[in-house]
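# Breakdown of the fold
Residue strings, one per chain:
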Amino acid sequence: MNFAHPHFAEPRWLWLAVLAPLSLLVLQRYSAQARGKQLAQLASPQFLDRLIRSHSPTRSAIKQVMLVLAVAGIGLAMARPQWGEQTDIGHALGQDILYLLDCSRSMLASDVAPSRLQRAKLAILDFVQHHSHGRVGLVAFAGEAFLQCPLTYDYGAFQDALQIIDDKTIPVLGTDVGRALDEGFHSMEKSDRKKLMVLITDGEDLEKSGVRMAADLAKQGVVVFTVGVGTPAGAEIQMINEQGKAELVRDSKGEVVRSRLDEATLRSIAQASHGAYYPLGPLGEGLVRVRVAIEGLDTAAGSTPTRKFGVDRFHFPVAAALVLLVAESLIGTRRRAESVYSA
């Protein structure tokens, strides 16, 4: 259909624009005849002429025509007249993206400044502010996973949820990537749309369930992009103790824990779900590359052509009907005083 030319989106309602005015005309005519018979029973023809001398047939006819046109306008509005074209708004808003953010102790390592967790949060915040066009959601995880912000267009709410995440957000210690992926999947809508997740972590999957879960989710149409935070050389992890002093994290043997970026695991997770792995980079370049890759997925899937829709113009007949109804109520049926006197 060529939406640029005038047409009706709901033509089945056009009957109302025709039958309703005709029905109203019939009722008006019947009402006028009934009033005439009633008046004829009340007075003689000579007295009746004097009685209705102040009544203006012209004004009554104008009011009746206005009511008929107003009813026709309502019928036209319900038929949804359209002209002009607009693109599919849903496509223009972009893909839904669910971010899975690691907030375990290893993300406190400072091999990227100010820390892995803070660097990741700043990168996500900057990316959402400047590059996002669809809904965004957030899952925080460590030994457990929790939906911090469901998919939303409210970027302010997303940013608020992101900023409060720290190493104490998830009280269960550890890093369970598989649980994070599972929580993310259950947080997304069960539709035919491609489900996109961005896993941001240092790759230390202590439960070793991330690759297996990614492969399972791939069968459900989920694509996982992994973004690595940190360096292969790694760094020690510092935490603030109960006395408010910084201290190094040590293992059960008393040795200082050194956390390293595990790129191999992150690549395996991405490959298992047909995604891709990118290092975050000092300026968040990894997320930009994720955006480019997502756009490439859309092109490969053939979803870039936008659908066209007609532009609704029903407000014009609605406005006309309202003006007619208001004007009709303001017009009286009596002649002007001088006209009655001269008659």
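In what follows, the structure referred to is the one given above.
So, here's what we can say about the structure. Counting restarts for each chain, with residues numbered from 1 along the sequence as it is written. Local features in this predicted model are restricted to residues whose pLDDT is 70 or higher, and side-chain atom pairs enter the listing and the counts only when it is 80 or higher, whereas totals over whole chains, interfaces and linings include all residues. Calculation of side-chain values draws on the structure's entire complement of heavy atoms; hydrogens and water are dropped beforehand.

The next thing to look at is a nonpolar patch on the surface. Exposure above 30% relative accessible area and the lack of any salt bridge qualify a residue for a patch; like charges then connect within 9 Å, and the nonpolar side chains Val, Leu, Ile, Met, Phe, Trp and Tyr within 5 Å. In these tables, accessible area is a Shrake-Rupley quantity obtained with a 1.4 Å probe, and a residue counts as shielded only by the protein chains included in the view. For this document, the term salt bridge refers to a Lys or Arg side-chain nitrogen within 4 Å of an Asp or Glu carboxyl oxygen. Together, Trp 15, Val 18, Leu 19, Leu 22 and Leu 25 line one region of the surface with nonpolar side chains, adding up to about 490 Å² of accessible area. Helix numbering and strand numbering both begin at the N terminus, where a helix is a DSSP run of H or I of at least 4 residues and a strand a DSSP run of E of at least 2. Along the chain, the position of Leu 19 falls in helix 1 (residues 14-42).

Moving on, we come to the pairing of strand 5 (residues 145-152). The pairing criterion is simple: DSSP has to find at least two bridges between the two strands. Relative to strand 5, strand 4 (residues 136-141) runs antiparallel, the two being bridged by five bridges. Paired with Val 136 across the bridge in strand 5 is Thr 152. In this structure, the hairpin formed by strand 4 and strand 5 is closed by a connection of three residues.

To continue, consider the environment of Val 222. Considering the arrangement of structural elements, one finds Val 222 in strand 7 (residues 222-228). What makes Val 222 buried here is its relative accessible area of 1%. Accessible area is worked out with a 1.4 Å probe on protein chains only. A residue is then buried under 20% of its type maximum, exposed over 50%, and partly exposed in between.

What follows covers the environment of His 315. With respect to the element layout, His 315 can be found in helix 11 (residues 315-330). Residues His 315 and Ala 77, 238 residues apart in the sequence, show an inter-C-alpha distance of 7.0 Å.

Of all six residues in strand 3 (residues 97-102), six are buried; the element is thus mostly enclosed. Judged from the six bridges that link them, strand 3 and strand 4 form a sheet pairing that is parallel. When the sheet's bridge partners are listed, Ile 97 is paired in strand 4 with Val 136. Note on the crossover from strand 3 through helix 5 (residues 116-131) to strand 4: the handedness is right-handed. Bridging between strand 3 and strand 6 (residues 195-201) involves five bridges; their strand directions are parallel. Across the sheet, residue Leu 100 finds its bridge partner in strand 6, namely Leu 199. A right-handed crossover is one whose linking path, passing over the helix from the first strand to the second, runs clockwise when the strands point away from the viewer.

Turning our eyes to something else, we now look at helix 3 (residues 57-78). Given the number of residues in a helix, its expected span is that number minus one, multiplied by 1.5 Å. In this model, helix 3 (22 residues) spans 32 Å end to end at C-alpha, consistent with the 32 Å of a helix rising 1.5 Å per residue. All of the buried residues along helix 3 are Ser 60, Lys 63, Met 66, Val 68, Ala 70, Ala 72, Gly 73, Gly 75 and Ala 77. Just downstream of helix 3, Arg 80 is the residue with a positive phi angle, here 55 degrees.

Time to look at the packing of helix 7 (residues 177-186) against helix 8 (residues 210-218). Only the stretch in contact is used when fitting a helix axis, every axis being a line fitted to C-alpha atoms; angles between N-to-C directions are given from 0 to 180 degrees. Direction vectors running N to C along helix 7 and helix 8 enclose 25 degrees, while the axes themselves pass 7 Å from each other. Classified by the angle between their axes, helix 7 and helix 8 sit roughly parallel to one another. Along this stretch, helix 7 crosses helix 8, giving a crossing that reads as right-handed. Contacts between helix 7 and helix 8 involve Val 177, Gly 178, Leu 181, Asp 182 and Phe 185 from the first element and Gly 210, Met 213, Ala 214 and Leu 217 from the second. Any angle from 65 to 115 degrees is called roughly perpendicular, while one under 35 is roughly parallel, one over 145 is roughly antiparallel, and all others are oblique. Left-handed is the label given to a crossing in which the near helix is rotated counterclockwise from the far helix by less than a right angle, and right-handed is the label when the rotation is clockwise. Contacts are assigned to residue pairs that have any heavy atoms within 4.5 Å of one another.

This part covers the sheet that holds strand 7. Read from one edge to the other, the open sheet built from six strands follows the order 5-4-3-6-7-12, with strand pairing classed as mixed. Each edge of the open sheet carries a strand with a single partner, namely strand 5 and strand 12 (277-279). This sheet shows a mean twist of 20 degrees between the axes of neighbouring strands, independent of strand direction. Strand contacts of helix 5: strand 3, strand 4 and strand 6, with the helix running at about 165 degrees to strand 3, the strand carrying the most contacts.

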